[in-house]
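# Tertiary structure, described
Now for the letters of each chain:
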Amino acid sequence: MPHVITQSCCSDGSCVYACPVNCIHPSPDEPGFATAEMLYIDPDACVDCGACVSACPVGAISADSRLEPEQLPFVELNAAFYPKREGKLPPTSKLAPVLDAPLVHTRRGGPLTVAIVGSGPAAMYAADELLTQPGVRVNVFEKLPTPYGLVRAGVAPDHQKTKQVTALFDRIVGLPGFGFYLNVDIGTDITHDELLAHHHAVLYAVGAPDDRRLDIDGIGLPGTATATEVVAWYNGHPDFADLSVDLSGERVVIIGNGNVALDVARILTTDPDVLAHTDIADHALDALRDSRVQEVVIAARRGPAASAFTLPELIGLTSACEVVLNPVDKERVLADLAESTDALTRNKLEILSKLGDAGTPITRPRIRLAYHLTPRRVVGESRVTGVEFTSAGADDVVGVPAGLVLTSIGYRGKPIRGLPFDEAAAVVPNDGGRVIDAGAPQRGSYVAGWIKRGPTGFIGTNKSCAAETVHNLVADYNEGLLADPAHKTSALQRFVRGRQPAMIDADGWRAIDDAEVARAGDDRPRVKFTAVPEMVDAAAGAARPPVHQRLLAGLRR
Ligand code: NAP
């Protein structure tokens, strides 16, 4: 029985290196890895050993005999990545070339000490890569009291498998040399220069926390918001817990058709009784129970073949929700299908061509995919009543009534105090993760993840991205290009607590985590705290290790 990679593939490549016959592609060293929508197992080469199953941090791989019905399309999808051949390939012992771990040269002045700002996937993969070397110290700073960035606050609550990657991150937190400094805002509580004075290097993995804004009339009216704000709201991010999400109208329009738009549309149309078994924020669950939304329209400015969502997410959407098309869009799908030669695009179009007709009566909340609609203005006096679009190929203005209008046109990085910023690309200018200022490296400053390469890719894409930065950082350290910290390692704790007395360490995070799980009961993974003071209180309940262990830890630092 060959194994199959399914929807929650995070593309971190762990399976590639675990596979004894190198039958999972594209691998991180192959062209196409950076843009692949997922990884694929060659069914003819797979020897069914299951090594990939244990290596996958998000539970995305199963034997083909163990798939759920909605996962069956992934059998063909995996196979379609490989050329058709006659019969099974003989087993080989070929391993994928493993990325070299960065070898840190020990030198006078203490071990390599790195501050990482942010605690999402890029930060945690960078910490993991650095801590492959004995003696290295990594201190991770996060402005929220809870870690893991978009895995906690971005991944949709009905994608619990994807959130399993936090088990890997928790293991990294437990590695010798790892320090957590949560609830500490770099740039406010502590400056870049102060942080650098305590470390050889500062690596920013702060993601792209803003949204790209749509500049049309009516944006900002009550009843408009961005999809990513709604994502943060239903995921219990403390800055968005009070967001007003008005679900009293029958229709919601989402502008843009990337995976974020699909996530939001799915959550707004899924039965709240199903969501009640997830870690969705309680305030969002209550609002969804009172929701009167019957239809979510996902409006794209281009045609079906240019849909921004990925194929695995489309498969997931259509198996979980009712998704329909207007007849004019069905014709567009068929026209694109007749012209398209790209296998991935054709797969998407095939699925779209089988969707139901939007003309049928609405019996349960549903999603309508709509194409060739360029947003012109949001309509409404004191609050939103709809959106006007111009439709390509027609001079007409198309009006779509709606009680809530969400823009979902991508994330955007924001400037970091003390670092250069490229306004056009909304990233920190860098060369392989080395921050570049006025054409020269800004010594000691590095970036990884979305602030380095822009808001694209999946959780695991950050593994190879972070590895590249760490390799360059270690090379600079080995060449003696990084100044030794001005302060002793042991001074950091006191310095940070002096600036932020409510700083939370790894024990504090464990206490928050335990408390959230404990309040959930048996039928939910956790009930999240959604206010900072609640989190700080829960962290304060952390069991303090005995005095001798604390002294020992202090000495090691
Ligand atoms: P995205 O994939 O870049 O999609 C942005 C959408 O906005 C596109 O449809 C784009 O249309 C549209 N758009 C941009 N500017 C516009 C304008 N001025 N007017 C109208 N439409 C406009 O962004 P995203 O959905 O925020 O996703 C960000 C990244 O996170 C992606 O890599 C995504 O795959 C990833 N992600 C993955 C998952 C998952 O795997 N489950 C979940 C969420 C996010 P054009 O194509 O015409 O520019």
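These numbers come from a predicted model, not from an experiment.

### A closer look at the packing of aromatic side chains
- Here the structure, examined in full by the defined rule, presents 8 aromatic pairs.
- Their ring planes at 50° and their centres at 5.1 Å tell us that Y411 and W450 sit as a pair that is tilted. In this pair, Y411 is assigned in strand 20 (residues 411-412) and W450 in helix 16 (residues 450-453), connecting sequence segments 39 residues apart. The same class applies to Y411 and to W450, which are both buried.
- Through successive ring pairs, a cluster of aromatic residues spans Y125, Y148, F169 and W509.

### As for the pattern of salt bridges
- Applying the stated rule across the entire model yields 26 salt bridges.
- A salt bridge links E388 to R376; the nearest nitrogen and oxygen atoms lie 2.7 Å apart. Taken as a pair, E388 in strand 17 (residues 384-391) and R376 in strand 16 (residues 373-380) lie far apart in primary sequence, 12 residues in all.
- Take E388: its relative accessible area is 17%, and that puts it in the buried class.
- Taking relative accessible area as the criterion, R376 reaches 42% and is therefore assigned partly exposed.

### Digging into unusual backbone geometry
- Residue H25 is joined to P26 through a cis peptide bond whose omega torsion reads -5°.
- Although it is not a glycine, D48 adopts a positive phi angle of roughly 60°.
- Inspection of the secondary structure puts D48 in the loop between strand 3 (40-41) and helix 2 (51-55).
- On the accessibility criterion, D48 (30% relative accessible area) is partly exposed.

### Section: the sheet that holds strand 18 (residues 397-401)
- An order of 16-17-18 is seen for the 3 strands of this open sheet, with the pairing classed as antiparallel. In this open sheet, the two edge strands, each paired with only one partner strand, are strand 16 and strand 18. Strand-to-strand twist in this sheet, taken as the mean axis angle between neighbours without regard to direction, amounts to 25°.
- The sheet contact formed by strand 16 and strand 17 spans 7 bridges and is antiparallel. Paired with G380 across the two strands is V384, which belongs to strand 17.

### Re the site of the ligand
- In the region of the ligand, 23 residues are neighbours, and N257, N259, R301, R302 and G457 sit closest.
- When the ligand sits alone it has 920 Å² of accessible area, and the protein chains cover 79% of it.
- Among the elements that make up the shell around the ligand, the one with the highest residue count is helix 10 (residues 259-269) (3 residues).
- Classifying every residue of the shell around the ligand by side-chain character gives 10 nonpolar, 8 polar and 5 charged.
- Viewed by domain, the shell around the ligand spans two of them, domain 2 (113-209 + 413-503) and domain 3 (239-410), each represented by three or more residues.

Conventions used here
- Starting from 1, residues in each chain are numbered consecutively following that chain's sequence as written.
- Side-chain atom pairs in this predicted model are given and counted only at pLDDT of 80 or more, local residue features only at pLDDT of at least 70, and totals for whole chains, interfaces and linings cover all residues.
- Only hydrogens and water are set aside; all other atoms, that is, all heavy atoms of the structure, feed into the side-chain values.
- Paired rings are identified among Phe, Tyr and Trp, the last through its six-membered ring, by centres lying within 6.5 Å, and are further divided according to the angle between planes into stacked (under 30 degrees), edge-to-face (over 60) and tilted (the rest).
- Under the DSSP-based scheme used, a helix requires at least four consecutive residues in state H or I and a strand at least two consecutive residues in state E, with every element numbered from the N terminus.
- Between buried and exposed lies partly exposed: a residue is buried under 20% and exposed over 50% of the maximum accessible area for its type, with that area taken using a 1.4 Å probe on protein chains only.
- Any carboxyl oxygen of Asp or Glu that lies within 4 Å of a side-chain nitrogen of Lys or Arg is treated as forming a salt bridge with it.
- Strands pair, by our definition, only if DSSP identifies at least two bridges between them.
- Only C-alpha atoms enter the line fits that serve as axes; for helices the fit covers just the stretch in contact. Angles between N-to-C directions range over 0 to 180 degrees.
- Note on definitions. A residue lies near a molecule or strand when any single heavy atom of the residue is within 4 Å of it.
- Only the protein chains shown count as cover for residues, and all accessible areas are computed by the Shrake-Rupley method using a 1.4 Å probe.
- Under the grouping applied here, Gly and all other residues not named as nonpolar or charged are polar, the nonpolar ones being Ala, Val, Leu, Ile, Met, Phe, Trp, Tyr, Cys and Pro and the charged ones Asp, Glu, Lys and Arg.
- For the domains described, the bounds stem from an automatic or database domain assignment.

Taken by themselves, the reported measurements are silent on function.
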